[in-house]
Amino acid sequence: MSVQELEKIFLSKIDQEIKIEPKDWMPDAYRKTLVRQISQHAHSEIVGMLPEGNWIGRAPSLKRKAILLAKVQDEAGHGLYLYSATETLGTTREQTIIDLHSGKAKYSSIFNYPTLTWADIGAIGWLVDGAAILNQVMLCRTSYGPYARAMVRICKEESFHQRQGFDILMVLSKGTPEQRDMCQDAINRWWWPSLMMFGPHDSESTNSEQSTKWKIKRMSNDELRQKFVDMIAEQVKVLNMTLPDPHLKWNEQTSHYDFGEINWTEFWNVVKGNGPCNKQRLEARRKAWDEGAWVREAASVYAAKRKAREAKKEEKQIA
Ligand code: BYC
């Protein structure tokens, strides 16, 4: 079959909402952009464990420690499903990790901000996981089968994460004046970086047009960001807190909240590796990779031994 014919079949599957599967023919650029996006998503999950992991030992009660530990473990699981989904596209996990460590691959800008107080853990759950869910619910309908299926499970876990974050802030918001201040301060610091998670404006988004045609993306960066603002602007009232944006205002005509402009200089600065914690995050990942070398080696040797044992058993049975 010619490339034109194969492309026609591929596009007709996309049109009919039939998922593209690993063994199906797909354009090289479709494969490339999926490897880019899914591996960046996987890296975000893994790097995202660092700011929260920082608080496991310092969470204020045994129950909070156990909940946070479970959440951070969930993020590790999400990273693994996503690395596996990337591997179905023909790249190795090792290569994607090398790309992260060399600084070639990106991960979400949000994880380059520090977690200074316990309230930050609440703000991450409520705002960061809240932003992540909106984006990921859309990705449950993405055109590549393994990515869409990974997203279904991830979204279920993320909604628990968001609830736990909101619960932390709810408790603080009803606490002492110091606890209320801590809650407001965390919201103030995490609000704008959370809005940046959705990426640049649609007019600046280099990948959007093609990704939308291929139904990898089903909603635009700005549409999702607006949805997020509309949701959070209501939820913050329940906390009796405020969002740090003097331009935030309900617009009767559009039935959406208007909001101020993001500091795009800050966003690109963080994306390019110059945020408050970029260097620290990559160093932590490289160290973990180096220190885990013996585990990977032991696992491979064990797998090889087991395979050899099974092969011997089969030989005996045949004989
Ligand atoms: N940070 O053309 P655009 C989580 C890059 S983790 C850094 O609009 P696209 C969680 C973008 O990659 C949440 N870089 O890109 C874990 C592109 O550069 P390249 C992570 C960003 O792909 C632990 C350039 O800017 N979620 O859930 O069409 C605890 C132009 O952008 C960012 C995902 O990864 C950013 N914020 O759209 C708690 C979801 N934004 O690659 C929570 C999957 C943009 O051309 N990813 N860039 O060099 C996506 O949905 C899309 O990739 C994005 C960007 C919406 C993020």
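Presented here is a report on the structure given in the accompanying data block. (Residues numbered from 1 in each chain as written. Predicted model: local features only at pLDDT ≥ 70, side-chain atom pairs only at ≥ 80, totals over all residues. Heavy atoms only, no water.)

Neighbouring the ligand are 34 residues, the closest being Lys-106, Ser-109, Ser-205, Asn-207 and Lys-217. Between the ligand and Arg-36 there is a distance of 2.9 Å, counted from an oxygen atom to a side-chain nitrogen or oxygen. One of the side-chain nitrogen or oxygen atoms of Gln-136 is found 3.4 Å away from an oxygen atom of the ligand. When the free accessible area of the ligand is taken as 1,000 Å², the share hidden by the protein chains comes to 91%. Listing elements by their share of the shell around the ligand, those giving two or more residues are helix H2 (28-47), helix H6 (118-139), helix H7 (145-173) and helix H11 (264-274). It is H2 that contributes the most residues to the shell around the ligand, six residues altogether. Considered class by class, the residues forming the shell around the ligand number 12 nonpolar, 14 polar and eight charged. (Near = heavy atom within 4 Å. Polar contact = N/O pair within 3.5 Å; in protein donor to acceptor, adjacent residues only side chain to side chain. Areas by Shrake-Rupley, 256 points an atom, 1.4 Å probe, with all protein chains shown as cover. Helix = DSSP H or I, 4+ residues; strand = E, 2+ residues; numbered from the N terminus. Nonpolar A, V, L, I, M, F, W, Y, C, P; charged D, E, K, R; others polar.)

Attention now moves to unusual backbone geometry. Located in the positive-phi region is Lys-215, a residue other than glycine, with phi close to 55°. Here Lys-215 is to be found in the loop between helix H9 (208-213) and helix H10 (221-239). Notably, Ser-255 is not glycine yet its phi reads approximately 55°, a positive angle. Tracing the backbone shows Ser-255 in the loop between strand E1 (249-251) and strand E2 (256-258). Take Ser-255: its relative accessible area is 42%, and that puts it in the partly exposed class. (Buried < 20%, exposed > 50% of the residue type's maximum accessible area, 1.4 Å probe, protein only.)

Turning next to the packing of helix H4 (residues 62-87) against H6. Running from N to C, H4 and H6 point in directions that differ by 40°, and their axes come no closer than 13 Å. Taken as axis vectors, H4 and H6 run oblique relative to one another. Here H4 and H6 pass one another in a crossing that is left-handed. Packed against H4, whose contacting residues are Arg-64, Leu-68, Lys-71 and Glu-75, the element H6 presents Trp-118, Ile-121 and Asp-129 at the interface. Looking at the contact of H4 with H6 residue by residue, the classes come out as three nonpolar, no polar and four charged. (Axes fitted to C-alpha atoms, helices over the stretch in contact; angles between N-to-C directions. Parallel < 35°, antiparallel > 145°, perpendicular 65-115°, else oblique. Left-handed = near helix turned anticlockwise from the far one by under 90°. Contact = heavy atoms within 4.5 Å.)

Before going further, it helps to spend a moment on the pattern of salt bridges. Applying the stated criterion across every chain, the model contains 16 salt bridges. Put simply, Asp-24 and Lys-13 hold a salt bridge, and the shortest N to O gap is 3.4 Å. Highlighted residues: Asp-24 in the loop between helix H1 (3-15) and H2 and Lys-13 in helix H1, separated in sequence by 11 residues. With a relative accessible area of 23%, Lys-13 lands in the partly exposed category. For Glu-234, the salt bridge identified is with Lys-237, shortest N-O distance 3.2 Å. A residue pair is termed a helical-turn pair when its members lie 3 or 4 positions apart in one helix, as Glu-234 and Lys-237 do in helix H10 at three residues. (Salt bridge = Lys/Arg side-chain N within 4 Å of Asp/Glu carboxyl O.)

Shape descriptors only; they carry no functional weight alone.
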